[in-house]
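Chain by chain, the residues:
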Amino acid sequence: MIHFVLADLKRFRLGSAVIVLLIALAVALGTTVTLQERALRLGSARASEKFDLIVGAPGSATQLVLSSVFLQPAALPLMPGDTLVALTEDPRVAWAAPIGFGDFVAGFPVIGTTTTLIEMTTTGFAEGRAFAAEGEAVIGSAVDLALGDTLVPTHGKQAEGGHAHAGIAYRVTGRLDPTGTPWDRAVLVPIQAVWHVHGLGHEAHDGHDHEAEGHDEEAHDADGHDEEDHAHAHAAGEDHAESHAENHGDDHGDADHDDHDSHDAPAFDPDAPLDETWAAGEAPGLPAILVKPRSIADAYRLRQDYRATGDTLAVFPAEVLTGLYAMLGDAKRVLVAVAVGAQTLVAAALLLVTVIQVGQRRRQIGALRAFGTPRGAVFGIVWLELALLFGTGILLGLGLGFAATEGLSRAFAAERGFPLPVAFAPGDLLGFGLLVLGAAGLSAVPAWLAYRQPPAAALRD
Amino acid sequence: MLGLHLSSVEVAYPGLAAPVLRIPDLDIPAGARVAVTGPSGSGKSTLVNIVTGLAPPGSGCVLWDGTDIARLPEGARDRWRGANIGLVMQDFHLFPGLSALENVLLPARLSRVADTAMKDRARTLLAEVGLDRPGQPVETMSRGEMQRVAVARALLRAPGVIVADEPTASLDPENGAAIGALLIDLAHRSGATLIVVSHDSRLTARLDRVLSLSGGEILSDSGCEGARQ
Ligand SMILES: Nc1ncnc2c1ncn2[C@@H]1O[C@H](COP(=O)(O)OP(=O)(O)OP(=O)(O)O)[C@@H](O)[C@H]1O
Ligand SMILES: [Mg+2]
């Protein structure tokens, strides 16, 4: 029977191919929607895994999470540096680490932080070691630089009018293991370096960012990074220059704390030893602090406390993401409805085509019967033929959907630095089963028509 | 090898004044070779449908060696036809994409009765009808060759009855004569009862008995007595 069915399909290979393609596209649409939504969920859940609680200045909780977890460039308001000191000394806090943004190296965000954060949020170094001096830097696994490279940060992405910090250069001392998060694309430097580069924590020191442009170019050439490197992939038009502007604003407000320090203004000194302890009044303003509470109860209490102060905001990234997922879920439901609609249309069109085809094959079917083929076999032939087309289409569609999602995820990973894991879940089996059942049922309709057809039709025209 | 007895068979269609076939009584003994002739629309194909069980008569009995196939349920009638009737039609009803051999074997395979012996028999039959390339795809064959394949297919399960409806009408005279001769020869060798519907007087002349239909009734029956040997 299968032989006859295959011969028949081969005869109508063009039509069969079109049918398979239609089914495959309809199935691929549904598959892609499901897989892509799941990939976004898994990917973002993984990215926020280590981020229990984030404290920042009052503003958008979502933006705080997007900027600190996903390193999305944005103008974040600053909170007083004393928040960091208070958190570090809080008995409910296992550890707390500052996160400072604003600079870029070759399109990679430069994040000012502490060795604690590196130690607690990564699995270790692929090569090299952590930064031990102000002018040292650690790169994420996806940063396209090498150990020993000299990095000149620009304030803001250069393609968007950012400018180089003249006379400032970091040296790469280590590369981290991959974490599968956006932080794989980050260049991590001591937070004190970020402060000093931006002239924070002391009296005005704003000459540094008005250096001649020529110097800027030179520095880059020395670095071995060509201009295209900076220009690529920054077309998104994010805006992050304000972060620095606010830095300055806060800087002046903070200045009176730092009076004792004002004579030997702590300008950027690559060889200055690492200092990761701050006394009250010492730390300048900060956009975000990552906090690891000792217990879940502590986490809730901390969030409560730091929400109440008025000049800070505390968020659980997981909670913010749940809110985003809910929106994502709504969008997915709409897309799934569209996909199901497309599938139904395809199914209806196919039903029409196959019923017509059975009509056109009355003679062939009648002849089979006339020569003694049992009705059951006639049913089987028509059913099998359609089921094969459906089956091939469905499998092809699943593959196509998977490939499309993989492609999208790759493009996303290249753009955003963290992969979206594409995977089928056990729950998909149900949908798959329903799809197969539906296809089997649909195939039975023309098969039943063929079954019921009287054999004498073969002798007529 | 099967004998037929029709009694008070009538086939009528709603809206038609007269029945398209009315045969009060007809006997065709086992092993007989009968031609059926008559003008177009006289009910020849209808008769073929009735005696092969492709369609049940509105009323009457169709007894083949005591089995009234008019009373069999459809599935049983299909099985009975597959085992006992070898059909050859004006249109060959071969299935493109399959070879001559596969076409010969197809109905038996779909009925799940094809075994090695039957495959050997299929090859032998193809050789007997004069085809020496059993693997040739049927769509590449000439019309004469196609009808030979159809004849081999009809004979595969050694049916007790061979029924042919205008087997030579779509062939040129030479091929028609050859096919006619083949049918008569093979039926003779297997002892099968042969019923051939044909306008071709050269073919009908070679058979023992000629039934002439007109308006659904048997107008004349040339060998009514002579056929009973
Ligand atoms: N399903 C049907 N409904 C109505 N009339 C029918 C039907 N089938 C056959 N007939 C009529 O029955 C008559 C006999 O038809 P049949 O096919 O047996 O003729 P035939 O002798 O084989 O003719 P031909 O030599 O042209 O093949 C015709 O008048 C035909 O119109
Ligand atoms: Mg006819």
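Residues numbered from 1 in each chain as written. Chains lettered and ligands numbered in written order. Predicted model: local features only at pLDDT ≥ 70, side-chain atom pairs only at ≥ 80, totals over all residues. Heavy atoms only, no water.

1. Comments concerning the confidence of the model for chain A
Note the following rule: Known as pLDDT, the predictor's per-residue confidence is scaled from 0 to 100. Note on contacts: a residue pair qualifies if any of its non-hydrogen atoms lie within 4.5 Å across the two residues.
Here chain A averages 79 in pLDDT, and 82% of its residues register 70 or above. Within the model, the stretch residues 202–265 of chain A combines pLDDT values under 50 with 89 contacts to residues more than four positions away or in other chains.

2. Quick notes on the pairing of strand 7 (residues 161–165) of chain B
Residue and element names in this part refer to chain B. Selection criterion: A simple rule labels every residue: compare its accessible area, found with a 1.4 Å probe on the protein chains alone, to the largest value its type can have, and call it buried under 20%, exposed over 50%, or partly exposed in between. Only DSSP runs of H or I with at least four residues qualify as helices, and only runs of E with at least two residues qualify as strands; both kinds are numbered from the N terminus onward. We call two strands paired when DSSP finds no fewer than two bridges between them. Handedness is read with the strands pointing away from the viewer; a crossover is right-handed when the path from the first strand over the helix to the second is clockwise.
Counting buried residues along strand 7, 5 of its 5 residues qualify, which places the element largely inside the surrounding structure. Of the two faces of strand 7, the one holding V161, V163 and D165 and the one holding I162 and A164 are both buried throughout. In this structure, strand 6 (residues 85–89) lies alongside strand 7, joined through 5 bridges in parallel fashion. From the neighbouring strand, M89 faces strand 7, where its bridge partner is D165. As judged from the 5 bridges shared by strand 7 and strand 8 (residues 193–197), these two strands associate in the parallel manner. The residue bridging D165 from the neighbouring strand is V197, located in strand 8. The parallel pair strand 7 and strand 8 is bridged by helix 6 (residues 173–190), and the resulting crossover is right-handed.

3. Comments concerning the pairing of strand 11 (residues 288–293) of chain A
Residue and element names in this part refer to chain A. Extensive coverage of strand 11 is indicated by the burial of 5 of its 6 residues. Examined bridge by bridge, strand 1 (residues 53–56) and strand 11 share 4 bridges and lie antiparallel to one another. Each bridged residue has a counterpart across the sheet, and for L53 the counterpart in strand 11 is V291. As defined by bridge partners, strand 2 (residues 93–105) adjoins strand 11 across 6 bridges and the pair is classed as antiparallel. Across the sheet, residue A96 finds its bridge partner in strand 11, namely V291.

4. Focus on the sheet that holds strand 9 (residues 209–214) of chain B
All names here are of chain B. Our working definition: Note on geometry: axes are lines fitted to C-alpha atoms, helical ones only across the stretch in contact, with angles between N-to-C directions running from 0 to 180 degrees.
As summarised here, the arrangement of the 6 strands in space is 6-7-8-3-9-10, forming an open sheet in which the pairing is mixed. Strands with a single pairing partner mark the edges of an open sheet, and in this sheet they are strand 6 and strand 10 (217–221). Going across the sheet, the axis of each strand differs from the next one's by a mean of 20°, ignoring polarity. Taken together, the 4 bridges between strand 3 (residues 33–37) and strand 9 define a ladder with parallel strand orientation. Looking at strand 9, one finds that V34 is bridged to R209. Contacting strand 6 and strand 7, helix 5 (residues 143–155) crosses the sheet at an angle of about 165° to strand 6.

5. Brief notes about the UniProt feature "transmembrane region" (unreviewed entry) in chain A
Condition: UniProt positions are given in the numbering used here, feature names are shortened, and annotations may be inferred rather than shown by experiment.
According to UniProt, the "transmembrane region" (unreviewed entry) feature falls on residues 334–356, 377–402 and 429–451 of chain A. As annotated, residues 429–451 of chain A comprises 100% helix and 0% strand, and the C-alpha atoms at either end are separated by 32 Å.

6. Quick notes on the site of ligand 1
Counted only if it meets this: We define proximity as follows: a residue is near a molecule or strand when any one of its heavy atoms falls within 4 Å of that partner. Counting of polar contacts relies on pairs of N or O atoms within 3.5 Å, with two restrictions inside protein: one atom must be capable of donating a hydrogen and the other of accepting it, and residues adjacent in sequence are counted only when both atoms are side-chain atoms. A 1.4 Å probe and the Shrake-Rupley method give the accessible areas. Residues count as covered only by the protein chains that appear here.
If you check the shell around ligand 1, you find 14 residues, and the closest are B:S40, B:G41, B:K44, B:S45 and B:T46. In this structure ligand 1 sits where residues from chains A and B come together. Measuring from an oxygen atom of ligand 1, one finds a backbone N or O atom of B:G43 at 3.1 Å. B:K44 has a polar side-chain atom sitting 2.7 Å from an oxygen atom of ligand 1. Protein chains bury 63% of the 630 Å² of accessible surface belonging to ligand 1 in isolation.

7. Digging into the sheet that holds strand 4 (residues 59–64) of chain B
Residues and elements named next belong to chain B. Taken together, 4 strands build an open sheet; the order of strands is 2-1-4-5 and the sheet is antiparallel. Among the strands making up the open sheet, the edge pair consists of strand 2 (21–28) and strand 5 (67–68). Pairing of strand 1 (residues 4–11) with strand 4 involves 5 bridges; the strand directions are antiparallel. Directly across from S7, in strand 4, lies its bridge partner C61. The sheet contacts of helix 1 (residues 44–52) involve strand 1, strand 2 and strand 4, and relative to strand 1 the element is tilted by about 125°.

8. Notes on the interface of chain A and chain B
Put simply, the rule reads: Two parts lose some accessible area (1.4 Å probe) when they are put together, and adding that loss for both gives the buried area. Counted as salt bridges are all cases of a side-chain nitrogen of Lys or Arg within 4 Å of a carboxyl oxygen of Asp or Glu.
Across the boundary between the two partners, chain A contributes 24 residues, which contact 24 residues of chain B. Between chain A and chain B lies a buried interface of about 2,300 Å² when both sides are counted; carbon and sulfur atoms form 64% of it. On the surface where chain A and chain B come into contact, there are 4 salt bridges. Its salt-bridge partner being A:R369, residue B:E74 comes within 2.9 Å of it at the nearest N-O pair. Secondary structure elements with two or more residues in the side of chain A that touches chain B: helix 1 (2–11), helix 12 (362–370) and helix 13 (375–416) of chain A. Looking at the side of chain A that touches chain B element by element, the count peaks at 6 residues for helix 12 of chain A.

9. Details of the packing of helix 3 (residues 100–110) of chain B against helix 5 of chain B
All names here are of chain B. Rules: By convention the crossing between two helices is left-handed if the near helix lies anticlockwise of the far one by an angle smaller than a right angle, and right-handed if it lies clockwise. The classification used treats Ala, Val, Leu, Ile, Met, Phe, Trp, Tyr, Cys and Pro as nonpolar, Asp, Glu, Lys and Arg as charged, and all other residues, Gly among them, as polar.
Helix 5 packs onto helix 3 with a crossing angle of 35° between their chain directions and a minimal axis gap of 8 Å. Both helix 3 and helix 5 take part in a crossing whose hand is right-handed. Contacts from A100, N103, V104 and P107 of helix 3 reach helix 5 at V149, A152 and R153. The residue inventory of the contact of helix 3 with helix 5, partitioned by class, reads 5 nonpolar, 1 polar and 1 charged.

10. Some points on the environment of A:A193
All names here are of chain A. Mapped onto the elements of the fold, A193 is located in helix 6 (residues 191–197). Look at A193 and you get buried, because its relative accessible area is 0%. Note: C-alpha distance between A193 and P446 (253 residues apart in sequence) is 74 Å. For A193, the contacting residues outside a window of four places in its chain are E134, Y170 and F268.

11. A closer look at the side chain of A:S48
For A:S48, the location among the structural elements is in the loop between helix 2 (13–47) and strand 1. Excluding residues within four positions of it along the chain, A:S48 makes contact with A:V69, A:P317 and A:L321.

12. Some details on the environment of A:M1
The residue A:M1 is located in the segment before helix 1 in this model. Expressed as a C-alpha distance, the spacing of A:M1 and A:E385, which sit 384 residues apart in the sequence, is 10.0 Å. Ignoring sequence-local partners within four residues, the contact set of A:M1 consists of A:A377, A:G380, A:I381, A:L384 and B:L110.

13. Some remarks on a nonpolar patch on the surface
Quick note on the threshold: Residues qualify for a patch when their relative accessible area is over 30% and they have no salt bridge, like charges being joined within 9 Å and the nonpolar side chains of Val, Leu, Ile, Met, Phe, Trp and Tyr within 5 Å.
Together, A:L395, A:L429, A:F432 and A:V436 make up an exposed nonpolar region whose accessible area comes to about 380 Å². By residue number, the principal contributor to the nonpolar patch is helix 14 (residues 428–452) of chain A, which donates 3 residues.

14. Thoughts on unusual backbone geometry
Despite not being glycine, B:D65 has its phi angle at roughly 45°, a positive value. Within the fold, B:D65 resides in the loop between strand 4 and strand 5.

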